[in-house]
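Remarks on the overall topology
Each chain, letter by letter, is given below.
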Amino acid sequence: MFIKVKYGDDETLLCNPSCAAVNLLWSIKRRTGYEDKTIVLDLSDEKGLVQELETRQNDRASTILTSDNRTYILVKKQVLSTSSVDDTDSLTGGDLYHGAGEKPSVRYEYVPLLNNCVELFPDYKLQVQAKQEEDTGPQKRPQQRPTRRKAASPAGLKATKAKTPAKRRS
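A quick note: this is a predicted structure, and the numbers were derived from the prediction, not measured.

1. A closer look at the confidence of the model for the protein chain
For the protein chain, the average pLDDT comes to 77, and 62% of its residues sit at 70 or higher. Segment residues 92-99 is flagged for pLDDT under 50; beyond a separation of four residues in sequence, or across chains, it makes 17 contacts in the model.

In structure tokens:
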């Protein structure tokens, strides 16, 4: 399976998403000429739904990118400001602090890196999917398989007795 990434002046990049999301993003950043810049890249589908690959870097990209046409638009993530947790916006999101209270959150927006994006994709409207944790509560971590330990060698199982000096008989 391959995906097409649109950017710039209607340029298309063919990518193989059968890798970790972090590797796919690094490859796209390098191949599109953004590797020397300190911007954060992501992908959105043809309707504008941001895939948030950066937050799922260790996941396999092919399981995240499931659009029917397999065409994605390159977007950059920009930090807007630091504000209270109550402020929300359709293009912002991401509480970098986890926990209760009035800790500040970082607000950011996504900007498409495809020129004339709305002309090429008339239904395109950037949007960020609501966090799953907010909808269903905190997620449980998957159980890890217990690690197997090597069996002790039979020689190590025998208890060594401390030798005590024998009493002399007189």
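Next, the rest of the story.
2. Looking at the nonpolar core
Membership of the largest hydrophobic core comes to 20 residues, with the highest contact counts inside it found for Ile3, Val5, Leu24, Ile28, Leu43, Leu65 and Leu74. Contributing elements (two or more residues each) for this core: strand S1 (3-7), strand S2 (11-15), helix H1 (21-31), strand S3 (40-44), helix H2 (61-64) and strand S5 (71-83). When residues no more than four places from it in sequence are discounted, the contact partners of isoleucine 3 are Leu13, Leu14, Cys15, Pro17, Leu24, Leu43, Leu65, Arg70 and Tyr72.

3. Digging into the packing of aromatic side chains
Scanning the model with the defined rule gives one aromatic pair in all. An angle of 90° between the planes, with centres 5.7 Å apart, marks the rings of tyrosine 108 and tyrosine 110 as edge-to-face. Comparing tyrosine 108 with tyrosine 110 shows no difference in burial state: the two are buried. Just above the ring of tyrosine 108 sits the side chain of lysine 77; from NZ or CZ to the centre is 4.2 Å.

4. Describing the pairing of S1
In terms of burial, S1 is a largely internal element, four of the five residues being buried. Two strands pair when backbone bridges link them, and S1 and S2 are joined in this way by five bridges, in the antiparallel orientation. Each bridged residue has a counterpart across the sheet, and for lysine 4 the counterpart in S2 is leucine 14. Counted between consecutive antiparallel strands, the loop separating S1 from S2 contains three residues, among which glycine 8 sits at a positive phi close to 60°.

5. What about the environment of leucine 24?
Considering the arrangement of structural elements, one finds leucine 24 in helix H1. Each C-alpha atom, one on leucine 24 and one on leucine 53, is 9.1 Å from the other, the two residues being 29 residues apart in sequence. What leucine 24 contacts, discounting residues up to four positions off in sequence, is Ile3, Cys15, Asn16, Pro17, Cys19, Ala61 and Leu65.

6. Description of the side chain of serine 44
By secondary structure assignment, the location of serine 44 is in strand S3. At 2.7 Å, the side chain of serine 44 forms a polar contact with the side chain of tyrosine 124. Discounting chain neighbours no more than four positions away, the residues touching serine 44 are Leu49, Val50, Gln51, Tyr72, Ile73, Val75, Tyr124 and Leu126.

7. What to know about the pattern of salt bridges
All told, the structure shown has three salt bridges when counted by the stated rule. Aspartate 10 is paired through a salt bridge with lysine 6; the nearest N and O atoms lie 2.8 Å apart. Linking lysine 77 and glutamate 54 is a salt bridge whose minimum nitrogen-to-oxygen distance equals 3.0 Å. Here the residue lysine 77 occupies a position in strand S5, and glutamate 54 occupies one in the loop between strand S4 (49-50) and H2, the gap between them amounting to 23 residues. Looking at lysine 77, the relative accessible area reads 19%, which means it is buried.

Reading guide: rules and limits
Residues numbered from 1 in each chain as written. Predicted model: local features only at pLDDT ≥ 70, side-chain atom pairs only at ≥ 80, totals over all residues. Heavy atoms only, no water. pLDDT = per-residue confidence, 0-100. Contact = heavy atoms within 4.5 Å. Core = buried A, V, L, I, M, F, W, Y, C linked by side-chain atoms within 4.5 Å. Buried < 20%, exposed > 50% of the residue type's maximum accessible area, 1.4 Å probe, protein only. Helix = DSSP H or I, 4+ residues; strand = E, 2+ residues; numbered from the N terminus. Phe/Tyr/Trp six-rings, centres within 6.5 Å; stacked < 30°, edge-to-face > 60°. Lys NZ or Arg CZ within 6 Å of the ring centre and 35° of its normal. Pairing = 2+ DSSP bridges. Polar contact = N/O pair within 3.5 Å; in protein donor to acceptor, adjacent residues only side chain to side chain. Salt bridge = Lys/Arg side-chain N within 4 Å of Asp/Glu carboxyl O.

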